[in-house]
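Letter by letter, the chains look like this.
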Amino acid sequence: MRSNRGGRSELVLASGSRVLLDWETTADKGHVAAVVLRHWLGRPPNRTELHVFLDEIAAAWGAGQPWELTGTQLAAAGFAS
């Protein structure tokens, strides 16, 4: 899926609501982070990578709120695909 943010088009790697990708508990957050990073990195993420994802990318995501993640955000946080 492509997203058009501010006039620029980006490939959206994952998006969804609480129904699809829950973000309420620490275990939920870890699961979503692991799934996204495994896809992006092509391998399971290590503990440090999970913490970076949660601290630098997903810190503003709230339970029950829609969210969006792009490759640009992952690359800016230091995750090379």
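Keep in mind the model is a prediction, meaning the values are calculated, not measured.

Criteria and thresholds
Every chain begins its residue count from 1, and numbering advances along the sequence as written. Under the rules for a predicted model, residues below a pLDDT of 70 receive no local features and side-chain atom pairs below 80 are neither given nor counted, while totals for whole chains, interfaces and linings still include all residues. The side-chain values count all of the structure's non-hydrogen atoms but skip hydrogen atoms and water molecules. Each helix is a run of DSSP H or I of at least 4 residues and each strand a run of E of at least 2, with the numbering of both proceeding from the N terminus. Residues are treated as being in contact if the distance between any of their heavy atoms lies within 4.5 Å. We call a set of buried Ala, Val, Leu, Ile, Met, Phe, Trp, Tyr and Cys residues a nonpolar core when their side-chain atoms join them within 4.5 Å. Categorising residues by exposure relies on relative accessible area from a 1.4 Å probe, with only protein chains included: less than 20% of the type maximum marks a residue as buried, more than 50% marks it as exposed, and the intermediate range marks it as partly exposed. Salt bridges are counted wherever a side-chain nitrogen of Lys or Arg sits within 4 Å of a carboxyl oxygen of Asp or Glu. For this analysis, a polar contact is any N or O atom pair within 3.5 Å, provided that within protein one partner can donate a hydrogen and the other can accept it, and provided that sequence-adjacent residues contribute only side-chain to side-chain pairs.

## A word on the environment of R38
Along the chain, R38 turns up in helix α1 (residues 26-41). Each residue touching R38, except ones within four places of it in the same chain, is listed here: R43, P44 and P45.

## Some remarks on the nonpolar core
Nonpolar side chains in soluble globular proteins tend to be buried together. Within the largest apolar cluster, 16 residues are counted, with the highest numbers of intra-cluster contacts made by F53, I57, W61, L69, L74 and F79. Among the secondary structure elements, those contributing two or more residues to this core are α1, α2 (47-57) and β3 (67-70). Among the elements that line this core, the one with the most residues is α1, at 6 residues. Other than its neighbours up to four places away in sequence, F53 contacts W23, A33, V36, L37, A58, W61, L69, L74 and F79.

## Things to note about the environment of L50
Tracing the chain through its elements places L50 in helix α2. Considering only alpha carbons, one finds L50 and L37, 13 residues apart in sequence, at a separation of 7.9 Å.

## Things to note about the pattern of salt bridges
Following the criterion strictly, the structure yields 1 salt bridge and no others. Note that E49 and R43 form a salt bridge whose closest N and O atoms lie 2.6 Å from each other.

## Notes on the side chain of E49
Secondary-structure assignment places E49 in helix α2. In terms of polar contacts, E49 uses its side chain to reach the side chain of R43, at 2.6 Å. Other than its neighbours up to four places away in sequence, E49 contacts L37, L41, R43, P44 and F79.

Note that every value here comes from positions in space, so none of it alone points to a role or purpose.
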